[in-house]
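Below, each chain spelled out in residue letters.
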Amino acid sequence: MVGRGHRGRPGGGGRVSRGGRPAGDLPATDDLEAWLAGRLPDGWFVAAPEVTVDREEILIVGQLPVPEVEGDAAARAASAVGRISRFREETREDRMEIARQAEHRYGRKVAWGARIADGDGGVEELFTTLSVPVMTRLRQPERRVLDTLVDAGVARSRSEALAWAVALVGEHTEPWLAELREAMSTVDELRTRGPRLDPPSGTPDRADEPGDEAADEPGDQA
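The structure reproduced in this document is the subject of the present report.

To continue, consider the side chain of E57. Structurally, E57 is set in strand 2 (residues 57–63). A distance of 2.7 Å separates a polar atom in the side chain of E57 from the backbone nitrogen of L130. Once you skip the residues sitting within four places of it in the chain, E57 turns out to touch T52, R108, K109, A111, T129 and L130.

With that settled, consider the pattern of salt bridges. For the coordinates displayed, the defined rule picks out eleven salt bridges. Where R86 meets E90, a salt bridge forms, and the shortest distance between an N and an O atom there is 3.9 Å. One end of the pair is R86 and the other is E90, both in helix 2 (residues 73–90) and four residues apart, which spans about a single turn. One salt bridge connects K109 with E103, and the closest N-O pair in it is separated by 3.1 Å.

Turning our eyes to something else, we now look at the environment of V123. Here V123 lies in strand 4 (residues 123–126). A relative accessible area of 18% places V123 in the buried class. Placed 60 residues apart in sequence, V123 and Q63 show a C-alpha to C-alpha distance of 10.0 Å. Leaving out residues up to four positions away in the same chain, V123 has contacts with A77, A80, V81, I84, A114, R115 and I116.

Attention now goes to the pairing of strand 2. Along strand 2, six of the seven residues are buried, which leaves the element largely enclosed by surrounding structure. Looking at chain direction, strand 1 (residues 50–53) and strand 2 are connected through four bridges and run antiparallel. Residue V51 lies in a different strand from strand 2, and its bridge partner there is I60. The loop that links strand 1 with its antiparallel partner strand 2 comprises three residues. Here strand 2 pairs with strand 3 (residues 109–116) via seven bridges, running parallel. Along strand 3, the bridge assignment pairs G62 with A114.

Parameters at a glance
- Residues numbered from 1 in each chain as written.
- Predicted model: local features only at pLDDT ≥ 70, side-chain atom pairs only at ≥ 80, totals over all residues.
- Heavy atoms only, no water.
- Helix = DSSP H or I, 4+ residues; strand = E, 2+ residues; numbered from the N terminus.
- Polar contact = N/O pair within 3.5 Å; in protein donor to acceptor, adjacent residues only side chain to side chain.
- Contact = heavy atoms within 4.5 Å.
- Salt bridge = Lys/Arg side-chain N within 4 Å of Asp/Glu carboxyl O.
- Buried < 20%, exposed > 50% of the residue type's maximum accessible area, 1.4 Å probe, protein only.
- Pairing = 2+ DSSP bridges.

Read these as layout, nothing more, since geometry by itself doesn't imply function.
Laid out in structure tokens, this is it:
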């Protein structure tokens, strides 16, 4: 599923993406999955890849076939890690070229990942992904929350603690976030469509105005 990008503020004052382009001017990604379906080599993945999009990055995670190996869960996990590593090495040049084309078409960096799923939960590895600094101001109560996570060893730094907290919130509020994204998409469609100007009440329709009877004359039927 393709994630939805966010618009910047109107009037040229919107956020600027990593590439220097205003976020509101980013190309649409409505056809991204279809483009990837035609562009990705056959046989790379066992199904259509999972695609996530934000203002800066397109993340493509594909599912690889499960290696046929005997042994316990640890052996199968090791085999999956090896298969993902082989895929990463063998496809590097092709992935770089696809990423270059996608960046030119959609105005975002491209990152890759691979997943192998089996009865034990499987293995997933994200290759080099984009890390974007987020500027924020926190008051003391919020800073104390982050410092508690750091002191407890949950995170190594405030920034890592903040990322952990955001991931936790996203995990537990995904249904609400999905509804919010859908509502925002509707607002974008209404904004693009613009207002519909209805005639004032009491104003006759054009069909009722004098002179419109000429439309029924012979010669208008051609």
